[in-house]
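# Understanding the architecture of this molecule
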Protein chains: 2
Amino acid sequence: MGSAAWDDLVHHLRELEVLDGARALLGWDEQTFMPRKAAEQRGEQLGLLSRLAHERITDPRITRWLDALDDQDPVQAACRRNLGRVYERERRVPAELVDRLARAKSAGFASWLEAKERSDYSSFAPALERVLDLSRERATAIAPERHPYDVVLEESDPGTSVSSLRPLFARLRDGLVPLLEAIAAKPALESLEGRFELGGQWELSREVARALGFDFDSGRLDHSEHPFTVGLGAGDVRITTHLRPTDLLGGLGGTIHECGHALYELGLPRELGGTTVAEAASAGLHESQSRLWENLIGRSLPFCRWLSRQLPRHFPTQPVSAEQLYRAQNRVERGLCRIQADEVSYNLHIIVRFELELSLFERRLGVAELARAWADKYQQYLGVAPATDAEGVLQDAHWSDGGFGYFPSYTLGNLYAASLGAAMAAALPELWSEVEQGQFSRVLEWLRSAVHRHGHLREAPDIVRAAVGERDPVSDLLAQLWARYGALYGVAPCADATRVP
Amino acid sequence: MGSAAWDDLVHHLRELEVLDGARALLGWDEQTFMPRKAAEQRGEQLGLLSRLAHERITDPRITRWLDALDDQDPVQAACRRNLGRVYERERRVPAELVDRLARAKSAGFASWLEAKERSDYSSFAPALERVLDLSRERATAIAPERHPYDVVLEESDPGTSVSSLRPLFARLRDGLVPLLEAIAAKPALESLEGRFELGGQWELSREVARALGFDFDSGRLDHSEHPFTVGLGAGDVRITTHLRPTDLLGGLGGTIHECGHALYELGLPRELGGTTVAEAASAGLHESQSRLWENLIGRSLPFCRWLSRQLPRHFPTQPVSAEQLYRAQNRVERGLCRIQADEVSYNLHIIVRFELELSLFERRLGVAELARAWADKYQQYLGVAPATDAEGVLQDAHWSDGGFGYFPSYTLGNLYAASLGAAMAAALPELWSEVEQGQFSRVLEWLRSAVHRHGHLREAPDIVRAAVGERDPVSDLLAQLWARYGALYGVAPCADATRVP
């Protein structure tokens, strides 16, 4: 590609990034500081910026630019792949379908809210059917020759497909079910009781984020109803958390999780802005970064030892031992609720959803049968069945809003994190003694080099493969879980292949 | 104008308002919560949104729309006047001049920062000369037939002119100089000593804002280095303040001042969005709202009585009497610094600047003579002369950044506020007893009806005239100042024309 044309393209895409940064601030403010009565106004502002972004991503000059890209240049080749995918997606969906789907999602979300309130799935089914039909129609419009679920998967996790995920998730499920069963047969671990004053929790959250490597000159930590991370551009990545007096570890876990997302955003190759490469490679890889910090590091005994030494400064009258923290951090409970799930059962919640939405997309399952199928799978995989629709099939908003194909990224994140963690532990012999001292810089350096700095030059599975070699992520994850939970619950000997404290 | 064309125009202008709201959020965040390293990124975001706004305000369709507006309809007539003015201004300045001026301002501001640091006006003079020349050139490009200072005045205070302001400000100056001299000959009043804990000050600021009528569901109060108000659209008007432990009254005064601005913004006729009428009529009228609350209400004895009853809840160990508050709120001191000036001398600071910038624009004064002329006028009007350039001519950033014609709006605000206050006091016989009870709703109602709800349907001087009748604002302001300060300092009998406690 001629350098003038390349400059034009980069300038165009850079403008889109700048616009997205502004839009991200509006979204962040909406969830943190915006006054209540500004909601309508904010909707208009977000709508306008979305329209301006859409105009830019469907600019007809992009066709010419794409044609001229030089595949010998790795950045231009990545740009062709990343931009081409989004451009075709936006271009191929007719405006009237965008409009019908937007209205169906909006009606779907409203219907879901009401149905959940009344715990009545049947009243939501027609709206869900409509959103599902239109989502499939959209997938077909984008790529009529492909599996429609592959098309939606690709929106969050390019580089994955039904044919790769189905066996991967089945093997994981078959390994997790017996582990969860074995744990459930043992006495429960104790949770951490007591009220922890919010002022101290805020200080602790900030201190832990800073220790992990979060730079408060390049970001913020605030409160919101649901924790989230948003990157507004170079030097501005913001995280939120939700702290509660009776849930010290839940709140801190949320902070660590979001901090993992933020460290990824902060480590992206910003010098490649305007090329599509200075972006996260996939939702699953993003999730791997939050999960690695939250689970592998944050639930480890060395981390609990370090944390137990920090607590007295913030809660001088509430002594908590490292062992107490470690046990409370790793309680496993068969439950119905995904967002409250522990590390062992979490992926089973996701696999239920993956299997169900795939069946819906493949028309092997009808919307009318969904609640029943949900309950059956919960019984089968998690050993519990919902007594009501509200605590079962209606618990998540995702489907009401057309969010098919997104759930897998949570489990992909855990799988990537397991292999990354195993490779990192092998590469850093002092890892756990450093964690115990509150030294996290080598972990961050390793992740920067293995994951962050690659941005979206390659697809996520390739980035992970290059970082860890030919590992089996299912074996890695199961080995880590058996090692930690087997020992804690006394259900099996530690797997010695991967030493994870 | 045909209703379809009118709808198109309103839609176009509404989009511009929505864009400006988004831009305002970026600006607010920059001064309140933005992390330090985001500055460059934020500059790009603001630059892009400014360019998008500029494209919309110079849209060539506006010529046709303007031609078709119907002057029989008061909203369309106002739209022609308001939009036509901005459109012609933006259209007539060549892009290369915009660019040269932008670079000159940027260099001017940098030069000013450095010169102030070194207190060396001569090193700043060449950059100022350049900004001044280009500002005059720009004014001539906009309206070659008009006085160039009228052109810049109109950008902040449409409806005013050199020929109206010159005699108004001269009369005010001639009335203020003897008052200030008389006060300066008397013993000083006591300031409020002591440290007031910031937590209590924040609570107090919020409580006072709420009492004045600020709706926290439609806005926020945060911290920033320099207090400001920004309207992001309907239901979202944000104010900031800067509290210091040793300056309870200064911080609270800042809150009340910004609150006055915010109440104006919140009272604008939002239902007329997209017509140019749902906006403030001028910077001077905006300032009248902040000054009326800050000075007329906030420095009154009845307000101090109410305030003295609120303080013990926040500062239980620091009793302060109403009389102490009243005297501390109304200390007058000859000084060199505009932003720390009291109510009596403040307008003399402005008049010095107005006279000097007018002379510069009329080429009666050269940039090289400015520092000397500044010192002379301070000596003459305020009885003090700066020992250094830093505390004299270099104290404000305005001119370095091309902000000519803006200073007058501060004094216009005080003049409008004086007449509005006099008319309001005449219309509300229970005014001061209600203020003493912390009841401010009737004040707000009166201002809503007299000022806020008119938006920019008429020009500011006409709005004020309609609200107060044929009053002389200079007499009103001088009467109020003599009444309050004469009594406090024992320099003259209370003027009984206007009863202001």
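These numbers come from a predicted model, not from an experiment.

When a strand is regular, its side chains alternate between the sheet's two faces. Residue and element names in this part refer to chain B. Judged by how many residues are buried, strand S2 (residues 229-233) sits mostly within the fold: 5 of 5 residues are covered. Here S2 pairs with strand S3 (residues 236-241) via 4 bridges, running antiparallel. By the bridge assignment, threonine 229 is partnered in S3 with isoleucine 239. Turn length for the S2-S3 hairpin, with the two strands adjacent in sequence and antiparallel, is 2 residues, and the turn residue glycine 235 shows positive phi of about 75°.

As a further point, take the interface of chain B and chain A. Often, the extent of an interface is quoted as the loss of accessible area on bringing the components together. Contacts between the two partners involve 29 residues from chain B and, on the opposite side, 29 residues from chain A. Every element with two or more residues in the side of chain B that touches chain A is listed here: helix H1 (3-32), helix H2 (39-57), strand S1 (219-223) and S2 of chain B. When grouped by side-chain class, the residues that make up the side of chain B that touches chain A number 14 nonpolar, 7 polar and 8 charged.

Turning to the packing of helix H14 (residues 343-361) of chain B against helix H16 (residues 408-427) of chain B, a few remarks are in order. Residues and elements named next belong to chain B. One way to put it is that H14 packs onto H16 with a least axis distance of 8 Å and a crossing angle of 140°. Classified by the interaxial angle, the pair formed by H14 and H16 is oblique. As for how H14 packs across H16, the hand of that crossing is left-handed. Mapping the contact onto sequence places Asn347, Ile350, Ile351 and Phe354 in H14 and Pro408, Tyr410, Thr411 and Asn414 in H16. For the contact of H14 with H16, the per-class residue count stands at 5 nonpolar, 3 polar and no charged.

For any two helices packed against each other, one specifies the crossing angle of their axes together with the interaxial distance. Residue and element names in this part refer to chain B. Look at helix H8 (residues 162-184) against helix H20 (residues 473-489): their axes get within 10 Å of each other, and the N-to-C directions meet at 5°. Here H8 lies roughly parallel to H20, going by the angle between them. Contacts between H8 and H20 involve Leu168, Arg171, Leu172, Gly175, Leu179 and Ile183 from the former and Val474, Leu477, Leu478, Leu481, Trp482, Tyr485 and Tyr489 from the latter. Looking at the contact of H8 with H20 residue by residue, the class counts come to 11 nonpolar, 1 polar and 1 charged.

All names here are of chain A. Looking at chain A, the domain boundaries give domain 1 (1-92) and domain 2 (198-332 + 416-473). Contributions of two or more residues to the side of domain 1 that touches domain 2 are made by helix H1 (3-32) and helix H4 (74-92). Considering every element that reaches the side of domain 1 that touches domain 2, the biggest residue donor is H1, with 12 residues. Partitioning the side of domain 1 that touches domain 2 into residue classes produces 10 nonpolar, 6 polar and 2 charged.

Before going further, it helps to examine the sheet that holds S3(B). All names here are of chain B. In spatial order, the strands read S1-S3-S2; together these 3 strands make up an open sheet with mixed pairing. At either margin of the open sheet sits one strand with a lone partner, and together these are S1 and S2. Within this sheet the neighbouring strands show an average axis-to-axis angle of 20°, counted without direction. Of the strands in this sheet, S1, S2 and S3 are in contact with helix H10 (residues 248-267), which crosses S3 at around 165°.

All names here are of chain B. Positive phi, normally seen in glycine, also occurs at serine 119, with a value near 50°. When you line up the elements, serine 119 lands in the loop between helix H5 (95-118) and helix H6 (121-142). Residue serine 119 is classed as partly exposed on the basis of its C-beta count, with 15 C-beta atoms lying within 10 Å.

Counting residues in each nonpolar core, the largest one holds 269 residues, and the members touching the most others are A:Ala22, A:Leu212, A:Cys259, B:Ala22, B:Leu212 and B:Cys259. For this core, the domains that each give at least three residues are domain 1 (1-92) and domain 2 (198-332 + 416-473) of chain A. Once residues lying within four places of it in the same chain are set aside, the contact partners of A:Cys259 are A:Ala209, A:Leu212, A:Phe214, A:Ile239 and A:Trp293.

Here we come to the sheet that holds strand S3 (residues 236-241) of chain A. Residue and element names in this part refer to chain A. On the basis of which strands lie adjacent, the open sheet formed by 3 strands has the order S1-S3-S2 and mixed pairing. The two strands at the open ends of the sheet, each matched to only one other strand, are strand S1 (219-223) and strand S2 (229-233). Adjacent strand axes in the sheet meet at a mean angle of 20° when their direction is disregarded. Along the sheet, H1 makes contact with S1, S2 and S3, crossing S2 at roughly 140°.

Take the relation of the copies chain B and chain A next. The transform that puts chain B on chain A rotates by 179° and translates by 0.0 Å along the axis, for an RMSD of 0.1 Å. Both copies of the chain, as the preceding transformation shows, are related through a two-fold rotation axis.

Right, let's talk about the confidence of the model for chain A for a bit. If pLDDT is low for a region, its predicted coordinates should not be looked at in detail. Mean pLDDT over chain A: 96, with 98% of residues reaching 70 or higher. Confidence drops under a pLDDT of 50 for residues 494-501 of chain A, and excluding neighbours within four residues, the segment shows 23 contacts in the predicted structure.

Glancing now at the environment of A:Ile463. All names here are of chain A. As for its placement among the helices and strands, isoleucine 463 is situated in helix H19 (residues 460-468). Since 24 C-beta atoms lie within 10 Å of it, isoleucine 463 is described here as buried. Put simply, isoleucine 463 and valine 393 are 70 residues apart on the chain and 35 Å apart in space, counted from C-alpha to C-alpha. Once residues lying within four places of it in the same chain are set aside, the contact partners of isoleucine 463 are Ala281, Leu285, Val451, His454 and Arg458.

Conventions we followed
- Residues numbered from 1 in each chain as written.
- Chains lettered and ligands numbered in written order.
- Predicted model: local features only at pLDDT ≥ 70, side-chain atom pairs only at ≥ 80, totals over all residues.
- Buried ≥ 20, exposed ≤ 12 C-beta atoms within 10 Å, placed from the backbone.
- Helix = DSSP H or I, 4+ residues; strand = E, 2+ residues; numbered from the N terminus.
- Pairing = 2+ DSSP bridges.
- Contact = placed C-beta atoms within 7 Å.
- Nonpolar A, V, L, I, M, F, W, Y, C, P; charged D, E, K, R; others polar.
- Axes fitted to C-alpha atoms, helices over the stretch in contact; angles between N-to-C directions.
- Parallel < 35°, antiparallel > 145°, perpendicular 65-115°, else oblique.
- Left-handed = near helix turned anticlockwise from the far one by under 90°.
- Domains from an automatic or database assignment.
- Core = buried A, V, L, I, M, F, W, Y, C linked by C-beta atoms within 7 Å.
- Least-squares fit on C-alpha atoms with pLDDT ≥ 70 in both.
- pLDDT = per-residue confidence, 0-100.

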